[in-house]
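# Inside the fold
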Amino acid sequence: MTTYGSFPGTRPRRLRTTPVMRRMVAETRLHPADLILPAFVREGITEPVGIGAMPGVYQHTRDSLKKAAVDAVTAGVSGIMLFGVPEESKKDALGTPGTDPDGILQVALRDVRAEVGDDLLVMSDVCLDETIDHGHCGVLDDRGRVDNDATLERYAEMAQVQADAGAHVVGPSGMMDGQIGVIRDALDQAGHEDVAILAYTAKYSSAFYGPFREAVGSSLKGDRKTYQQDPANSRESLRELALDLEEGADMVMVKPAGPYLDILARISDASDVPVAAYQISGEYSMIEAAAQRGWIDRDKAIMESLTGIKRAGANMILTYWATEVARQL
């Protein structure tokens, strides 16, 4: 006679016996509504341009972007996060294409919103790095440093023109101090009280951003360690969370996702608003590259990585596989 609660009376494997059993007792479930598709639109091209470091991802034309948005709607994806890539000759020290109503991102926002209406949350990146000639996320002072407060003025104007163009959600990604409060005030003053802010609350200075910089044609020299978070630190992410919530963030984000699941879990536990995580370009590229070499099972690795992000506490996941995965779910 065995003691109750010990082997062989207790056998956890009973709950793993069949696919149906495993599905029934699963603690974490992915759903198409959890997913947001990041998408790039490039000015001055007539056909989509493949991104070498991100197989299967493209710099879209205006027309192909509209098709990608429709495909996302059909698959059940909740949102599309747009990044604009202006012509190189239009970049300047202030990132003027980012506040020009006819800049590529604003044009794309109008295109997508006209195509899908409210069937897809149309989101926009509030940052200067794609539009500025030195590639940093803000304007520089006379000593060549990113000027936090001068940059906030540019962000306020960017958020307003993006909202004017139809963005449902703006995503300030530059990690400037005070950016959420300044943008919230600017949106409200412009009559955009209903436009939500997805705060990039814990955005780390990461080696995994490399392919993204190809995707947006980044002009960056050097790094962003003076404003993005240090990968060695975790407590400061909670400080950033408290500040963003105080300033009016409607949703918060951890970026990257996979290497920072511990941060994601801490943010999720502490946050009283929805939490997003961004599975970034380097995470995507590693899986695709390993799968191309036959080293891993691509589809299983994709689903496992996304399940881990959801399990750690993400309510929404930005992933370049959003439409593909949504179709499979």
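What comes next concerns the included structure. Being a predicted model, the structure only gives us computed values, none of them experimental.

Attention now moves to helix 4 (residues 148-164). Spanning 17 residues, helix 4 covers 24 Å between terminal C-alpha atoms, matching the ideal 24 Å at 1.5 Å per step. Inspection of helix 4 places Thr151, Leu152, Arg154, Tyr155, Ala156, Met158, Ala159, Val161, Gln162 and Ala163 among the buried residues, and these make up the whole buried set. Residues of helix 4 that are buried make contact with helix 3 (104-116), strand 5 (121-126), strand 6 (169-172) and helix 5 (179-189). For helix 4, the capping residue at the N-terminal end is Asp147, with a side-chain oxygen 3.3 Å from the backbone nitrogen of Asp149. Of the residues trailing helix 4, Gly166 is marked for its positive phi of about 120°.

Our next topic: the nonpolar core. Among the nonpolar cores identified, the biggest contains 92 residues, and Ile80, Leu82, Tyr155 and Tyr278 are the most heavily contacted of them. If sequence neighbours within four positions are ignored, Ile80 has contacts with Ile36, Leu37, Ala39, Leu65, Ala69, Val112, Leu120, Leu121, Val122 and Met123.

Any two side chains of opposite charge can pair, on the condition that their charged atoms come close. The full count for this structure, using the stated rule, is 15 salt bridges. Asp34 is paired through a salt bridge with Lys310; the nearest N and O atoms lie 3.0 Å apart. Pair noted here: Asp34 is in the loop between helix 1 (19-25) and strand 1 (35-42) and Lys310 is in helix 10 (residues 298-311), with a separation of 276 residues, a long-range link. Among the ionic contacts, a cluster of salt bridges with common partners joins Glu288, Arg298, Asp299 and Glu324.

When you line up the elements, Ser271 lands in the loop between helix 8 (261-270) and strand 9 (275-278). Ser271 sits in the buried class, given a relative accessible area of 15%. Sequence separation between Ser271 and Gly181 is 90 residues; the distance between their C-alpha atoms is 17 Å.

Here we take up a nonpolar patch on the surface. A grouping of Leu15, Met24 and Val25 is seen on the molecular surface, where their side chains present a nonpolar patch of about 280 Å² in accessible area. Locating Leu15 in the fold gives a position in the segment before helix 1.

Turning our eyes to something else, we now look at helix 9 (residues 281-292). If you check helix 9, its first and last C-alpha atoms are 16 Å apart, about what twelve residues at 1.5 Å a residue would give, namely 16 Å. For helix 9, the tally of buried residues reaches nine of twelve residues, placing the bulk of the element in the interior. Restricting attention to buried positions, one finds in helix 9 the residues Ser281, Gly282, Glu283, Tyr284, Ser285, Ile287, Glu288, Ala290 and Ala291. Note on helix 9: the residue one or two positions beyond its end, Gly294, has a positive phi of about 75°.

Thresholds, definitions, all that
- For every chain, the first residue of the written sequence is number 1, and numbering continues from 1 onward in sequence order.
- The predicted origin of the model limits local features to residues at a pLDDT of at least 70 and limits the giving and counting of side-chain atom pairs to 80 or more, whereas totals for whole chains, interfaces and linings rest on all residues.
- Excluded from the side-chain calculation are hydrogens and water; included are all heavy atoms of the structure.
- Secondary structure is summarised from DSSP: a helix means a run of H or I of at least four residues, a strand means a run of E of at least two, and numbering begins at the N terminus for each.
- The span one expects for a helix is its residue count, reduced by one, times 1.5 Å.
- The rule is simple: take the accessible area with a 1.4 Å probe, protein chains only, and divide by the maximum for that residue type; under 20% is buried, over 50% is exposed, in between is partly exposed.
- Contacts were defined at the residue level, with two residues in contact if any of their heavy atoms lie within 4.5 Å.
- Distance and chemistry together define a polar contact, namely a pair of N or O atoms within 3.5 Å, with one atom able to donate a hydrogen and the other to accept it when in protein, and with adjacent residues in sequence counting only for side-chain atoms on both sides.
- As used in this record, nonpolar core signifies buried Ala, Val, Leu, Ile, Met, Phe, Trp, Tyr and Cys residues forming a set joined through side-chain atoms within 4.5 Å.
- Whenever a carboxyl oxygen of Asp or Glu lies within 4 Å of a side-chain nitrogen of Lys or Arg, that contact is scored as a salt bridge.
- Residues qualify for a patch when their relative accessible area is over 30% and they have no salt bridge, like charges being joined within 9 Å and the nonpolar side chains of Val, Leu, Ile, Met, Phe, Trp and Tyr within 5 Å.
- Where accessible areas are quoted, they stem from the Shrake-Rupley method and a 1.4 Å probe; at the residue level, only the protein chains shown are allowed to cover.

It is worth stressing that arrangement in space is one thing and function is another; only the former is reported here.
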